[in-house]
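# Structural overview for review
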Amino acid sequence: MRKARPRILILSLLLGLASCRPAAKSQQSYDQIRGLVAGKTAAEVEGLLGEPDLRSAVLGDSRWVWWNYTFLDGEQYAPEVRGQIVHLEITFQNPQGPGAPVPLAQWKVGGPLAVSYSKSSQGP
């Protein structure tokens, strides 16, 4: 009985630490969000997802990142990464081409590779 107490204490501490892991900001999975934003403008995406944590220019496009925003879900992902929290990244294309002064509200999510994710350092 005495030997079981330290094991129970250690197990309780580990379970407590695991439950303190941050949750994704969105309740929608990465694939659900990818479908939701397909073909939308930057203004529409910001209205749906909120303001991004980072905006950067990449080869004439605008890349937005939401940190720890969503999670991977579905059989297309390996069991060890399902449920993992990821950073959501969306690239918007300037409809007039690089360098043209166009309001971001007119920039669109372009193509199937415009929405991606990167792994959070907090994932399993």
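Small disclaimer: the values here were computed from a predicted structure and weren't measured.

The next subject is the nonpolar core. For soluble globular proteins, the rule of thumb is that nonpolar side chains tend to be buried together. If you look at the biggest cluster of nonpolar residues, it comprises 21 residues, and the most contacted ones within it are Val45, Leu49, Trp66, Leu88, Ile90 and Phe92. When contributions to this core are tallied by element, the ones reaching two or more residues are α2 (30-37), α3 (42-49), β2 (61-71) and β3 (85-93). Trp66 has contacts with Val45, Leu49, Gly50, Glu51, Pro52, Asp53, His87, Leu88 and Ile90, leaving out every residue within four places of it along the chain.

Most of β3 sits out of view: seven of its nine residues are buried. The pairing of β2 with β3 spans seven bridges and is classified as antiparallel. When the sheet's bridge partners are listed, Ser62 is paired in β3 with Phe92. Two elements, β3 and strand β4 (residues 108-109), share two bridges in a ladder whose sense is antiparallel. The partner of Gln93 across the bridge, within β4, is Lys108.

Turning our eyes to something else, we now look at α2. Think of an α-helix as 3.6 residues a turn; residues three or four steps apart then line up on the same face. When we look at burial in α2, the residues that qualify are Tyr30, Asp31, Ile33 and Val37. Buried residues in α2, looked at end-on, bunch into an arc of 160°, giving them a common side. Where α2 is buried, its residues meet α3, β2, β3, β4 and β5 (115-119). Of the residues flanking the end of α2, it is Gly39, one or two places downstream, whose phi is positive at about 75°.

A separate point is the confidence of the model for the protein. Scored by pLDDT, the protein has a mean of 84; 78% of the residues are at 70 or more. Averaged pLDDT values for the elements of the protein fall to 57 in helix α1 (residues 4-19) and rise to 96 in α3.

Calculation criteria
- Residues numbered from 1 in each chain as written.
- Predicted model: local features only at pLDDT ≥ 70, side-chain atom pairs only at ≥ 80, totals over all residues.
- Heavy atoms only, no water.
- Core = buried A, V, L, I, M, F, W, Y, C linked by side-chain atoms within 4.5 Å.
- Buried < 20%, exposed > 50% of the residue type's maximum accessible area, 1.4 Å probe, protein only.
- Helix = DSSP H or I, 4+ residues; strand = E, 2+ residues; numbered from the N terminus.
- Contact = heavy atoms within 4.5 Å.
- Pairing = 2+ DSSP bridges.
- Arc of directions from axis to C-beta.
- pLDDT = per-residue confidence, 0-100.

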